2 protein chains.
Amino acid sequence: MAKIKLSEISTNAPKHLNKNQCELETIDMAIQIGQLQHKLYAERKQSLLVVLQGMDASGKDGTIKTVFADCNPTGIDTYGFKKPTSEEIAHDFLWRVHKRTPETGNIMVFNRSHYEDILIQRVHQWIDFDKVEKRMKAINAFEELLEFDNNTKILKFYMHISLDRQEQKLQERIDDPLKNWKHKAEDWEERKYWNQYMEAYEYALNHSEIPWHIVPSDKRWYRNYHISKIVLKALEDMHPEMPILKHDESQSV
Amino acid sequence: MAKIKLSEISTNAPKHLNKNQCELETIDMAIQIGQLQHKLYAERKQSLLVVLQGMDASGKDGTIKTVFADCNPTGIDTYGFKKPTSEEIAHDFLWRVHKRTPETGNIMVFNRSHYEDILIQRVHQWIDFDKVEKRMKAINAFEELLEFDNNTKILKFYMHISLDRQEQKLQERIDDPLKNWKHKAEDWEERKYWNQYMEAYEYALNHSEIPWHIVPSDKRWYRNYHISKIVLKALEDMHPEMPILKHDESQSV
């Protein structure tokens, strides 16, 4: 496997793509994703776990809103992992994550995830590198478990933005009253660790057994388009099928 | 590692031990276990997970009652894994188990456990051997996670009884009105799979990274004595310490 170096990967949209065209396609894909989600829910044999990771303001919330716009909320859940509670801290790092894994038939979107436990925790040196390695191994075993034992397809996205674009988006949260609610002073603090975060991300991207999708995310429209395409393709490949009653099965109704 | 063969291991108490003497010592050990549990709870830095596995009537309930007789219920929990619910079945086999792992400071006793998923499920061929192997690997990774990431000491006991002794105890449940509540017709059905269970247990015993304690369990008094000794030794080795305030820390009160 070629080693991923984030500094060598563009954060921008490919030049050959047209914004309006991509936005229209993204809306169309959301409808198809909604249709497949309905089948997945009816079938109840497999599940989809979408993991969204990225620096602050990389667009995790916006992605969820756009990509899954046409899903029935009954069959899709999202969970945002925040600072652990005291009960969560009293357990291993995967304890609170495992609880939230999707049941068969459902889609679960993680807004941040178990990867934070080898990202923020590593960057601030709350854990040493030996623990990072052990956790990475545990993450691989955990994801493998979900796949082989519960038929869970796992899609992981690293939303790749530039330092400049982040600044611009954080600044918007200050300048635009309707975005004020998203402003957090600590996001500006966290920015100072940018290089350490990139190093921690590169480790995770390079040591995950289930590969990551690295999504150039400076442009919202391209980010949404890119992720929708991958989600749609994954759902198509899962071939969810509506359970159709055979004639004799309907007799008991 | 020498391969464990259950047919070569006695289910009976060692001849040189005296029943009354052992029973007295067991009571004494329960008091010491209670004292260490109190320290563990006060310290809140580590936890103990006790896994009890064995054929029906091997004495799992009785063991819990005797060994942990002097623990404060606030700091110890027990959980009996029964037939999975529909929500549990919609997740991987470790999902319901992970939820029940002890938080730091606590003791958790599993009455049956995640091992059932490679025992009863294998014996009745609800899963194929490929899945048994994958689950065994997942179990090892899971137990390792609890140890390295949450300071959980894991003690696993296989309660080894003979086919004859089981029959006798199941019969008591029919003959003794005060034991009637424990009678289940399906236990007599399950007995027919004895050899397959022994084979499944041997696989688990031989492929676990954290080794098992095999406890000759035909005699209740010896079973309790044997397990109490191991639990007590483990708690002693954990060296739980009462957090004592230093003089200047008490100023803020």
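Heads up: the structure comes first, above all this text.
What counts as what
- Residues numbered from 1 in each chain as written.
- Chains lettered and ligands numbered in written order.
- Predicted model: local features only at pLDDT ≥ 70, side-chain atom pairs only at ≥ 80, totals over all residues.
- Heavy atoms only, no water.
- Helix = DSSP H or I, 4+ residues; strand = E, 2+ residues; numbered from the N terminus.
- Rg over C-alpha atoms; globule rule 2.2 N^0.38 Å.
- Buried < 20%, exposed > 50% of the residue type's maximum accessible area, 1.4 Å probe, protein only.
- Areas by Shrake-Rupley, 256 points an atom, 1.4 Å probe, with all protein chains shown as cover.
- Pairing = 2+ DSSP bridges.
- Axes fitted to C-alpha atoms, helices over the stretch in contact; angles between N-to-C directions.
- Contact = heavy atoms within 4.5 Å.
- Buried area = accessible area lost by both parts, 1.4 Å probe.
- Salt bridge = Lys/Arg side-chain N within 4 Å of Asp/Glu carboxyl O.
- Least-squares fit on C-alpha atoms with pLDDT ≥ 70 in both.
- Expected span 1.5 Å × (residues − 1).
- Arc of directions from axis to C-beta.
- Left-handed = near helix turned anticlockwise from the far one by under 90°.
- Nonpolar A, V, L, I, M, F, W, Y, C, P; charged D, E, K, R; others polar.
- Polar contact = N/O pair within 3.5 Å; in protein donor to acceptor, adjacent residues only side chain to side chain.

Chemist: Any details on the overall build of chain A? Residues and values, ideally.
Modeler: Within chain A one finds 10 helices and five strands. In terms of overall size, chain A behaves like a compact globule, its C-alpha atoms giving a radius of gyration of 19 Å where 253 residues would be expected to give roughly 18 Å. On the principal axes, the C-alpha backbone points of chain A span a range of 65 × 45 × 40 Å. Split into buried and exposed, the 253 residues of chain A put 52% on the buried side. For chain A, the accessible surface area stands at approximately 13,000 Å², while carbon and sulfur atoms represent 51% of it.

Chemist: I'd like to hear about the sheet that holds strand 2 (residues 76–80) of chain A, residue by residue, with values.
Modeler: Residues and elements named next belong to chain A. Read from one edge of the open sheet, five strands run 2-3-1-4-5, paired in parallel fashion. Lying at the two open borders of the sheet, with one neighbouring strand each, are strand 2 and strand 5 (212–216). The average angle at which neighbouring strand axes cross in this sheet is 20°, direction not considered. Relative to strand 4 (residues 152–160), strand 1 (residues 47–54) is paired through eight bridges, and the arrangement is parallel. Residue pairing for strand 4: Ser47 is matched across the bridge by Thr152. Relative to the sheet, helix 2 (residues 60–67) contacts strand 1, strand 2, strand 3 (107–111) and strand 4, its axis offset from that of strand 1 by approximately 145°.

Chemist: Requested: an account of the interface of chain B and chain A, with residues and values cited.
Modeler: Contact with chain B, which involves 26 residues of that partner, is made by 26 residues of chain A. Here chain B and chain A share an interface that buries about 2,200 Å² over both sides, 54% of which is from carbon and sulfur atoms. Of all residues in chain B, B:Asp92, B:Phe148 and B:Asp149 give up the largest surface area on contact with chain A, accounting jointly for 25% of the area buried on that side. Along the contact surface separating chain B from chain A lie six salt bridges. One salt bridge in this structure joins B:Arg135 and A:Asp149, with 2.8 Å as the shortest N-O distance.

Chemist: Kindly report on the environment of B:Ile31, identifying the contributing residues and their values.
Modeler: All names here are of chain B. Residue position: Ile31 is located in helix 1 (residues 19–43). Residue Ile31 is classed as partly exposed on the basis of its relative accessible area, which comes to 39%. For the pair formed by Ile31 and Cys71, sequence separation is 40 residues and the distance between their alpha carbons is 8.0 Å.

Chemist: I'd like a rundown of the relation of the copies chain B and chain A, residues and numbers included.
Modeler: Of the two same-sequence chains, chain B is brought onto chain A (RMSD 0.0 Å, axial shift 0.0 Å) by a rotation of 180°. These values place the two chain copies in the arrangement generated by a two-fold rotation axis. When the interface residues of chain B are mapped onto chain A, 100% of them are again interface residues, pointing to one common binding face.

Chemist: Mind laying out helix 7 (residues 163–175) of chain B, listing which residues take part and the relevant values?
Modeler: Residue and element names in this part refer to chain B. Look at helix 7: 18 Å from first C-alpha to last across 13 residues, which is about the 18 Å you get at 1.5 Å a residue. Turning to helix 7, its buried residues number three or more, namely Arg165, Gln166, Lys169, Leu170 and Arg173. The buried residues of helix 7 occupy one face: seen down the axis, they fall within an arc of 135°. Facing away from the buried surface of helix 7 by more than 90 degrees, the exposed residues are Asp164 and Asp175.

Chemist: Any details on the packing of helix 6 (residues 129–150) of chain B against helix 9 (residues 194–207) of chain B? Residues and values, ideally.
Modeler: Residue and element names in this part refer to chain B. Interhelical geometry of helix 6 versus helix 9 gives an angle of 40° and a closest axis separation of 11 Å. As helix 6 runs across helix 9, the sense of the crossing is right-handed. Across the interface between the two elements, Phe129, Val132, Glu133, Met136 and Asn140 from helix 6 touch Tyr203, Ala204 and His207 from helix 9. Grouping the constituent residues of the contact of helix 6 with helix 9 by class yields five nonpolar, two polar and one charged.

Chemist: How would you sum up the side chain of B:Asn150? Please name residues and give values.
Modeler: Structurally, the position occupied by B:Asn150 is in helix 6. B:Asn150 sits in the buried class, given a relative accessible area of 6%. Of the polar contacts made by the side chain of B:Asn150, one reaches the backbone oxygen of A:Ala90; its length is 3.0 Å. Excluding anything up to four places from it in sequence, B:Asn150 contacts A:Ile89, A:Ala90, A:His91, A:Asp92, B:Ser47, B:Pro102, B:Glu103, B:Thr104 and B:Leu145.

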